[in-house]
Amino acid sequence: MPDTAVVTGAARGIGRAIARRLASEGWRVVLADVDAPALAEVAQELGALAVPGDTSTDAGVRHLVDTAYGHLGHVDVFFANAGIGTLAGLEATDADWASALETNVLAHVRAARHLVPRWLEAGGGRLVVTASAAGLLTMLGDAPYSVSKHGAVAFAEWLSATYRHRGIVVQAICPQGVQTRMLEESGPLQELLSRDRAISADEVAEAAWQALAGEEFYVLPHHEVRDYYAQRAAHPDAWLAGMNRLQQKLDQTSTPTSTPTRTPSQENA
């Protein structure tokens, strides 16, 4: 079993839960997040190294990877977990779209760019992407999030198809509603995201931990997502009609005072 990992978006939510799970098993971990004070608290709790910074930029990812290798000697698993939502549809600005794509997709591309050559030389490595069920289905009320999470899944699929025979394991965690700050701030979408069950971040972390024992691509803490994904593929028009009915319900419940802000926020999914 590997014993070193990097976790982004580790100051709270799923990232913090994954870091705690790894540390409880004796792993050495390096943690990253844009929220330096909160990250420092988690790192102190776990005896981990905190590397605050913006992992949506190439410079930020390069610094994180270089620092992690310098501290750990090697990186067995990289949890590309940090992400953002906008809670916006067509009103999302170009800046909103750019932020979502940089953080939710290109951060993964940049991590792979800096990690895969080292892993190929070492004989293997593992990239675990927090992609969300939105990457397999869709996310009503947030166009940039939905599109970028689809992109995250697509890139992870490409990476796996291209490098799995050379020892690179790629996995995509795709939960639905998780009891994090992002869910709390989702306004009218909260009920929809919790439709099956809003699970805890610790439950997602446990699913991630169990997945490290194998190489299955999709990690689905909500088992229902597998059936939804199959239905979407087999009956796309019926599935879209059903999603539209859910949107109509959202339209009926949304009011000017209940509509969430469009300002992007750190998901730490």
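Small disclaimer: the values here were computed from a predicted structure and weren't measured.

Rules of the game
- Residues numbered from 1 in each chain as written.
- Predicted model: local features only at pLDDT ≥ 70, side-chain atom pairs only at ≥ 80, totals over all residues.
- Heavy atoms only, no water.
- Helix = DSSP H or I, 4+ residues; strand = E, 2+ residues; numbered from the N terminus.
- Contact = heavy atoms within 4.5 Å.
- Areas by Shrake-Rupley, 256 points an atom, 1.4 Å probe, with all protein chains shown as cover.
- Buried < 20%, exposed > 50% of the residue type's maximum accessible area, 1.4 Å probe, protein only.
- Pairing = 2+ DSSP bridges.
- Salt bridge = Lys/Arg side-chain N within 4 Å of Asp/Glu carboxyl O.
- Axes fitted to C-alpha atoms, helices over the stretch in contact; angles between N-to-C directions.
- Core = buried A, V, L, I, M, F, W, Y, C linked by side-chain atoms within 4.5 Å.
- Phe/Tyr/Trp six-rings, centres within 6.5 Å; stacked < 30°, edge-to-face > 60°.
- Lys NZ or Arg CZ within 6 Å of the ring centre and 35° of its normal.

Q: Any chance you could break down the overall build of the protein chain for me, citing the residues and the numbers?
A: Of regular secondary structure, the protein chain possesses 10 helices and 9 strands. Of the contacts formed within the protein chain by residues at least 6 apart in sequence, a portion of 72% connects residues at least 24 apart. Total accessible area computed for the protein chain in this model is approximately 12,100 Å², and 52% of it derives from carbon and sulfur atoms.

Q: Kindly report on the pairing of strand E7 (residues 168-173), identifying the contributing residues and their values.
A: Of all 6 residues in E7, 6 are buried, a share of seventy percent or more. Residues Ile 168, Val 170 and Ala 172 of E7 are buried on one face, and the alternating residues Val 169, Gln 171 and Ile 173, pointing to the opposite face, are buried as well. Bridging between strand E6 (residues 125-130) and E7 involves 6 bridges; their strand directions are parallel. Note on E7: the bridge partner recorded for Val 128 is Gln 171. By the bridge criterion, 2 bridges tie E7 to strand E8 (residues 218-219) in an arrangement that is parallel. Considered in E8, the bridge of Ile 173 is made with Val 219.

Q: Account for the pattern of salt bridges, with residues named and values stated.
A: Counting across every chain of the model gives 9 salt bridges. When the shortest N-O distance is used, the salt bridge between Arg 113 and Asp 58 registers 3.5 Å. One end of the pair, Arg 113, is in helix H4 (residues 94-122); the other, Asp 58, is in helix H3 (residues 58-72), with 55 residues separating them in the sequence.

Q: Which residues make up the sheet that holds strand E4 (residues 77-80), and what values do they have?
A: Note on sheets: strands pair through backbone hydrogen bonds, and any given pair is parallel or antiparallel. Spatially, E3-E2-E1-E4-E6-E7-E8 is the arrangement adopted by the 7 strands of the open sheet, whose pairing is parallel. With partners counted over all chains shown, the strands left at the sheet margins are strand E3 (49-52) and E8, one partner each. Here strand E1 (residues 4-8) pairs with strand E2 (residues 28-33) via 5 bridges, running parallel. Each residue of the ladder has a partner; that of Thr 8, found in E2, is Ala 32. Sheet strands in contact with H3 are E1, E2, E3 and E4, and its direction is about 160 degrees off that of E2.

Q: Break down the nonpolar core for me, citing the residues and quoting the values.
A: Within the largest apolar cluster, 43 residues are counted, with the highest numbers of intra-cluster contacts made by Phe 78, Trp 119, Leu 136 and Tyr 218. Contributions of two or more residues to this core are made by E2, H3, E4, H4, E6, helix H5 (143-163), E7 and helix H10 (236-253). When residues no more than four places from it in sequence are discounted, the contact partners of Tyr 218 are Leu 136, Val 153, Glu 157, Ala 172, Cys 174 and Tyr 229. Residues Val 7, Ala 11, Val 29 and Val 42 belong to the second largest nonpolar core, which totals 33 residues.

Q: Give me the lowdown on unusual backbone geometry, citing residues and values where you can.
A: Unlike most non-glycine residues, Leu 87 shows phi in positive territory, near 55 degrees. Note on placement: Leu 87 falls in the loop between strand E5 (84-85) and H4. The phi dihedral of Ser 132 is positive, around 80 degrees, even though this residue is not glycine. Secondary-structure assignment places Ser 132 in the loop between E6 and H5.

Q: Please give an account of the packing of aromatic side chains that cites residues and values.
A: Scanning the entire structure with this criterion turns up 5 aromatic pairs. Measuring from centroid to centroid gives 5.8 Å for Trp 27 and Trp 209, while their planes differ by 70 degrees, and the two rings are edge-to-face. Taken together, the residues span a long stretch of sequence, with Trp 27 in the loop between helix H1 (13-24) and E2 and Trp 209 in helix H8 (residues 201-211) at a distance of 182 residues. Summarising the burial analysis for this pair, Trp 27 and Trp 209 share the class buried. Between Trp 158 and Tyr 163 the ring centres are 6.3 Å apart and the planes differ by 80 degrees, which places this aromatic pair in the edge-to-face class. Since its relative accessible area comes to 47%, Trp 158 is described here as partly exposed. Taken together through their ring pairs, the aromatic side chains of Phe 155, Trp 158 and Tyr 163 make up a single cluster. The ring of Tyr 69 is capped by Arg 118, whose NZ or CZ atom sits 4.4 Å from the centre of that ring.

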